[in-house]
Amino acid sequence: MTPAAALLATVREQVLERGVGLDQEQALACLHLGDDVLPDLLQLAHEVRMRHCGPEVEVEGIISLKTGGCPEDCHFCSQSGLFPSPVRGAWLDVPSLVAAAVETAATGATEFCIVAAVRGPDDRLMRQLAEGVAAIRAAVDIQIACSLGMLTQAQVDELVALGIHRYNHNLETARSHFPAVVTTHTWEERWETLEMVRASGMELCCGGILGMGETLEQRAEFAAQLASLEPDEVPLNFLNPRPGTPFGDLPVMPANDALRAVAVFRLALPRTVLRFAGGREITLGDLARDGMLGGINAVIVGNYLTTLGRPATEDLAMLTDLQMPIKALSQTL
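Just so it is clear, the model here is predicted, and its values are computed rather than measured. Every chain's residues receive numbers from 1 upward, in the order its sequence appears when written. In keeping with the model being predicted, local features are shown solely for residues with a pLDDT of at least 70 and side-chain atom pairs are shown and tallied solely at 80 or more, while totals for entire chains, interfaces and linings include all residues. Heavy atoms from the whole structure form the basis of all side-chain values; hydrogens and water molecules are not counted.

### Observations regarding the overall build of the protein chain
When helices and strands are counted, the protein chain shows 13 helices and ten strands. We compute the radius of gyration over the C-alpha atoms and compare it with the globule rule, which gives 2.2 Å times the number of residues raised to the power 0.38. A compact globule built from 333 residues should have a C-alpha radius of gyration of about 20 Å, and the protein chain, at 19 Å, falls within 12% of that. When its C-alpha atoms are laid out on the principal axes, the protein chain stretches across 60 × 40 × 35 Å. Only heavy atoms enter the contact rule, under which two residues are in contact if any of them lie within 4.5 Å. Put simply, 76% of the contacts in the protein chain that link residues at least 6 apart link residues at least 24 apart. Carbon and sulfur atoms make up 54% of the accessible area of the protein chain, which totals about 13200 Å². The charge count includes Lys and Arg as positive and Asp and Glu as negative, but it does not include His or the ends of the chains. Note that the charge is assigned to NZ on lysines, CZ on arginines, CG on aspartates and CD on glutamates. Separation of charge centres in the protein chain, based on 24 positive and 42 negative side chains, amounts to 2 Å. Numbering goes from the N terminus for both helices and strands, where a helix is a DSSP run of H or I of at least four residues and a strand is a run of E of at least two. In this description, accessible areas are obtained by the Shrake-Rupley approach with a 1.4 Å probe, and a residue is regarded as covered only by the protein chains that are shown.

In structure tokens form, the structure reads like this:
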């Protein structure tokens with residue numbers, strides 16, 4: 001038996017049969033596997049997804065309540081007010097927010113995530129969110145998630161009172177790589193918000209972006225750190241280099257590296273909702289199907305915050321073709 005075959009056999013027994021995710025060392029070993037065994041790795045990740053998560057795919061749409069003008073210097077983000085990127089500050093009014101929620105629900109999505117480009121929400125943002133949530137609930141039956149940056153305990157309590165289903169706050173990358181990505185706040189500050197959200201009873205959504213110059217060792221470190229957090233959902237983004245940002249000239253992540261990472265994150269997080277998010281269009285193109293067959297069990301449909309996604313109809317047609325049923329709202333309430 002080859003070393004690669006022996007590794008996959010060990011992973012099969014541990015993750016598929018016993019449901020125990022990869023540790024950091026095992027994740028790194030799988031990230032080093034060659035392209036010749038990538039189909040086998042993806043197949044194993046798909047089997048893990050089917051056994052421990054089931055065949056349903058959760059569909060989500062996102063909308064930006066407050067765009068641009070962010071005071072933070074996340075090097076991948078064109079919404080930072082510190083970079084000469086073309087995104088400018090703007091607020092979305094409540095009727096537009098409701099219209100986006102209705103449109104999202106019409107695709108079959110069960111989740112609608114309201115996002116704001118801020119370090120953390122101020123009183124104005126929290127007031128507009130409360131008004132928007134009430135208006136959405138009056139118009140359409142859909143679960144509402146939020147991503148508003150770092151929170152205080154009082155803000156966490158307010159979101160719970162509003163009935164927010166899930167809170168997204170990404171760690172973005174491995175702890176060791178974080179200072180190369182953001183300098184205006186720390187990885188530990190993000191972790192504090194995540195701990196408050198988990199204790200509140202809201203579902204916890206936490207992932208990041210791959211292809212930001214991290215090493216394979218740091219990619220494995222990130223998978224292990226997410227696994228230790230035990231989030232309900234992990235959105236996997238791939239860097240889409242944005243003009244005017246410090247990472248604007250980084251190369252797009254090779255497709256096979258992205259697929260290998262998808263499989264490894266599934267194997268490290270066997271029971272977690274693993275969501276295809278930003279950058280998959282330019283990183284994978286038509287190979288997104290391979291990702292859906294390599295451990296992914298959730299997608300964001302439509303456009304992202306400042307970049308274009310695939311039309312929702314294309315993703316829904318892909319799921320139909322793959323015979324992957326969309327998770328119904330009744331299953332998530």
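### Thoughts on the layout of surface pockets
In this structure, the second largest pocket encloses a volume near 200 Å³. Lining residues are those with an atom within 4 Å of a point, where the points come from a 1 Å grid over the protein atoms alone and group into cavities, where a 1.4 Å probe fits but cannot get out, or pockets, open sets with protein on both sides within 12 Å along at least five of seven lines. Around the second largest pocket sit eleven residues that line it, and Cys-53, Arg-271, Val-273, Asn-297 and Lys-327 are the ones nearest its centre. The classification used treats Ala, Val, Leu, Ile, Met, Phe, Trp, Tyr, Cys and Pro as nonpolar, Asp, Glu, Lys and Arg as charged, and all other residues, Gly among them, as polar. Partitioning the lining of the second largest pocket into residue classes produces three nonpolar, two polar and six charged. Grid points are joined across faces, edges and corners, and a volume is the space filled by probe spheres set on the points.

### A short note on the pattern of salt bridges
Whenever Lys or Arg places a side-chain nitrogen within 4 Å of a carboxyl oxygen from Asp or Glu, that contact is recorded as a salt bridge. Evaluated as defined, the whole model comprises 18 salt bridges. Across the pair Glu-58 and Arg-166 runs a salt bridge, and its minimum N-O distance is 2.7 Å. Taken together, the residues Glu-58 in strand S1 (residues 58-67) and Arg-166 in strand S5 (residues 166-168) connect sequence positions 108 residues apart. For each residue, the accessible area found with a 1.4 Å probe, counting protein chains only, is set against the maximum for its type, and the residue is called buried under 20%, exposed over 50%, and partly exposed in between. Judged by its relative accessible area of 3%, Glu-58 is buried. By relative accessible area, which is 4% here, Arg-166 ends up buried. In this structure, Glu-233 engages Arg-275 in a salt bridge whose closest nitrogen and oxygen atoms are separated by 2.5 Å. Residue Glu-233 is located in strand S8 (residues 233-238), and its partner Arg-275 is located in strand S9 (residues 273-276); the two are separated by 42 residues in the primary sequence. Relative accessible area serves as the criterion here: at 1%, Glu-233 is assigned to the buried category.

### Re unusual backbone geometry
Located in the positive-phi region is Glu-172, a residue other than glycine, with phi close to 75°. Notably, Glu-230 is not glycine yet its phi reads approximately 55°, a positive angle. Mapped onto the elements, Glu-230 comes out in the loop between helix H8 (216-229) and S8.

### Here we look at the packing of helix H7 (residues 187-200) against H8
Helix axes are fitted only over the stretch in contact, all axes being lines through C-alpha atoms; the angle between N-to-C directions runs from 0 to 180 degrees. Relative orientation of the contacting elements H7 and H8 amounts to 30°, with a least axis distance of 12 Å. With respect to H8, the axis of H7 lies roughly parallel. On the side of H7, the interface is formed by Trp-187, Trp-191, Leu-194 and Arg-198, while H8 contributes Gln-225, Ser-228 and Leu-229. A breakdown of the residues in the contact of H7 with H8 according to their chemical character gives four nonpolar, two polar and one charged. By definition in this entry, angles of less than 35 degrees are roughly parallel, angles greater than 145 are roughly antiparallel, angles of 65 to 115 are roughly perpendicular, and the rest are oblique.

### Focus on the side chain of Gln-155
Along the chain, the position of Gln-155 falls in helix H6 (residues 153-162). In this structure Gln-155 comes out as buried when scored by relative accessible area, which is 12%. Ignoring anything within four residues of it in the chain, the contact list for Gln-155 reads Pro-121, Met-126 and Met-150.

### Looking at the confidence of the model for the protein chain
Note on scores: pLDDT gives the predictor's confidence for each residue, bounded by 0 and 100. Looking at the protein chain, pLDDT values average 90 and 93% of them are 70 or higher. Within the model, the stretch residues 303-309 combines pLDDT values under 50 with 24 contacts to residues more than four positions away or in other chains. Contacts of residues 329-333 to residues separated by more than four positions or lying in other chains number eleven contacts, the stretch itself having pLDDT below 50.

### Section: the side chain of Arg-166
Polar contact criterion, stated in full: a pair of N or O atoms within 3.5 Å, where within protein one must be able to donate a hydrogen and the other to accept it, and residues adjacent in sequence count only if both atoms are side-chain atoms. Here Glu-203 takes part through its side chain, which lies 2.7 Å from a polar atom of the side chain of Arg-166. Not counting residues within four places of it along the chain, the set of residues in contact with Arg-166 comprises Glu-58, Glu-111, Ile-144, Ala-145, Cys-146, Glu-203, Cys-205, Glu-233 and Arg-275.

### Brief notes about the state of the cysteines
When the sulfur atoms of two cysteines share a covalent bond, that bond is a disulfide. Two cysteine sulfur atoms form a disulfide, by the criterion used here, when they sit within 2.5 Å. The tally for this structure, following the rule as stated, stands at zero disulfides. Summary of cysteine pairing: Cys-30 is not part of a disulfide, and the nearest cysteine sulfur, belonging to Cys-53, is at 17 Å. Exposure remark for Cys-30: the relative accessible area of 0% places this residue in the buried category. Just so you know, Cys-77 is unpaired, no disulfide at all, and the nearest cysteine sulfur is the one on Cys-74, 6.2 Å from it.

### What about the pairing of S1?
Where burial is concerned, most of S1 is hidden: nine out of the ten residues are buried. Across three bridges, S1 lies against strand S10 (residues 298-300) in parallel orientation. Each residue of the ladder has a partner; that of Glu-60, found in S10, is Ile-300. Note on pairing: two strands pair once DSSP finds at least 2 bridges between them. Taken together, the six bridges between S1 and strand S3 (residues 111-116) define a ladder with parallel strand orientation. Within the sheet, the bridge partner assigned to Glu-60 lies in S3 and is Glu-111.

### Here we look at the nonpolar core
Soluble globular proteins: nonpolar side chains tend toward being buried together. For our purposes a nonpolar core is just a set of buried Ala, Val, Leu, Ile, Met, Phe, Trp, Tyr and Cys residues, chained together by side-chain atoms within 4.5 Å. Core analysis: the largest hydrophobic core is formed by 97 residues, its most contacted members being Ile-114, Ile-136 and Met-292. Of all the elements, helix H9 (residues 255-268) adds the most residues to this core, at ten residues. Leave out the neighbours within four places in its chain, and Ile-114 touches Ile-63, Leu-65, Leu-97, Leu-129, Val-133, Ile-136, Ile-144, Ala-145, Cys-146, Ser-147 and Leu-148. Counting six residues, the second-largest nonpolar core is a separate cluster that includes Ile-62, Val-115, Ala-277 and Ile-300.

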